[in-house]
Amino acid sequence: MSVFDDKKWLTEVFADSGSVFGLAITEKLDEVQSPFQKIAMYQTSHFGKLMVIDDVIMLSSRDNFLYHEMLSHPVLFTHPNPKNVVIIGGGDCGTLREVLKHPGVEQVTQIDIDEQVTRMAEKYFPELCASNNDPRATLKFEDGIKFMREVQPASIDVIIVDSTDPIGPGEGLFNRAFYANCLAALSEGGILVQQSESPLIHMPLLTAMRSAMLDAGFAALQTLNFPQMVYPSGWWTCTMARKNSAFNGFRVSDVQQAGFATEYYNAEIHQAAMALPNFVKKAFNAS
Ligand code: SPD
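In this report, we go over the structure that sits alongside the text. (Residues numbered from 1 in each chain as written. Predicted model: local features only at pLDDT ≥ 70, side-chain atom pairs only at ≥ 80, totals over all residues. Heavy atoms only, no water.)

### Some words on the environment of I145
Inclusion rule: Numbered from the N terminus, helices here are DSSP runs of H or I no shorter than four residues, and strands are runs of E no shorter than two. Think of it in three bands: with a 1.4 Å probe and only protein chains considered, a residue is buried below 20% of the maximum accessible area for its type, exposed above 50%, and partly exposed in between. Contact definition: two residues touch when any of their heavy atoms are within 4.5 Å.
Mapped onto the elements, I145 comes out in helix 4 (residues 144-150). With a relative accessible area of 22%, I145 lands in the partly exposed category. The sequence separation of I145 and F178 amounts to 33 residues, and the corresponding C-alpha distance is 6.5 Å. If we skip the residues at most four places from it in the chain, I145 touches G172, L173 and F178.

Here it is as structure tokens:
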């Protein structure tokens, strides 16, 4: 729930943790009500443009690189040879841009239910959409849950779920049935990665996601943590779930020799993101 008040502060209230996050706004730029959700755009004083969906902050120009890089590069450098990648959600195209930096990726299909998110991103975050015309990219605007139910089994190497919180259209992306369809869609050794909220204030959701992934039949899980100022608590995670086999590190020398630029991600960050605090390990072991 966020409020844009007449003092030009946009504040998002996190009732479940009794906390609030705010950004100074200089102008409301746009608002559309799509068939699925309300999408608003703001100009902030210090964080560039800001996209808010159903009153929940999605991304800012200034710090989206953290989330988009961490949702893309760790999983792509963990899989031995990812060629076919599917992004569920991700309509702002920031994750797509990162995935397309990998020359070995041959095909990326992005499925976001709401075309309006991409149209708004093209207008207000053109830098994130700069690679949308890459011949390897296909943008579909349809239900990602249905897509995953119907896609050819064992045809995808990496699935990235870049969704909203588990409310509204994103709700069905956080349960066992969806994960079971992802598992079937993945090729041998394939990996699903999903944004998995804050370790500090969303632990019940994070442990429920992990349990649902294991219940669906995934062989191994790995949760990575990273900073994300504009999300609740400023501390966020993504969780990787692997088909058939355990996690066994990542391709460190390929990261070090990657011929593309990143702002946050590197081999040391990847290593550090895998380190979990004791309270997180305890919660995972207990669930
Ligand atoms: N609390 C908001 C979490 C939103 C996560 N997804 C954002 C999508 C950015 N591509």
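Alright, that's what it looks like, and here's the rest.
### Notes on the packing of aromatic side chains
The cut-off we apply is this: By convention, a stacked pair of Phe, Tyr or Trp rings (six-membered ring in the case of Trp) has centres within 6.5 Å and planes under 30 degrees apart, an edge-to-face pair has planes over 60 apart, and any other such pair is tilted. A ring is scored as having a charge over it whenever the NZ atom of a lysine or the CZ atom of an arginine sits within 6 Å of its centre and within 35 degrees of its normal.
As enumerated under the stated definition, the model contains six aromatic pairs in all. Here the aromatic cluster, defined as three or more aromatic residues joined through ring pairs, consists of Y67, Y231 and W236. Directly above the aromatic system of F284 lies the positively charged group of R210, at a separation of 3.7 Å from the ring centroid.

### Comments concerning the pairing of strand 10 (residues 156-162)
The following threshold applies: A strand pair is defined by DSSP finding two or more bridges across the two strands.
The buried fraction of strand 10 is high, at seven of seven residues. Relative to strand 10, strand 7 (residues 84-89) is paired through five bridges, and the arrangement is parallel. Following the sheet pairing, V85 is matched in strand 10 by V158. Here strand 10 pairs with strand 11 (residues 186-195) via five bridges, running parallel. Bridged to V158 within strand 11 is I191.

### Quick look at the layout of surface pockets
As a reminder, the rule being used: Points on a 1 Å grid over protein atoms alone make up a cavity when a 1.4 Å probe fits among them but cannot get out, and a pocket when they form an open set with protein on both sides within 12 Å along at least five of seven lines; lining residues each have an atom within 4 Å of a point. Grid points are joined across faces, edges and corners, and a volume is the space filled by probe spheres set on the points. Residues are grouped as follows: nonpolar covers Ala, Val, Leu, Ile, Met, Phe, Trp, Tyr, Cys and Pro; charged covers Asp, Glu, Lys and Arg; every other residue, Gly included, is treated as polar. Each domain's limits were defined by an automated method or a database of domain assignments.
Here the largest pocket defines a volume of roughly 430 Å³. Considering the residues around the largest pocket, the lining is formed by 35 residues, among which G89, D112, D162, S163 and T164 are closest to the centre. Of the residues forming the lining of the largest pocket, the biggest block, four residues, is contributed by strand 6 (residues 56-60). Residues belonging to the lining of the largest pocket are distributed by class as follows: 17 nonpolar, ten polar and eight charged. Both domains that furnish three or more residues to the lining of the largest pocket are identified here as domain 1 (2-60) and domain 2 (64-286). Looking at the second largest pocket, its volume works out to about 280 Å³. For the lining of the second largest pocket, the element with the highest residue contribution is strand 2 (residues 9-14), accounting for three residues.

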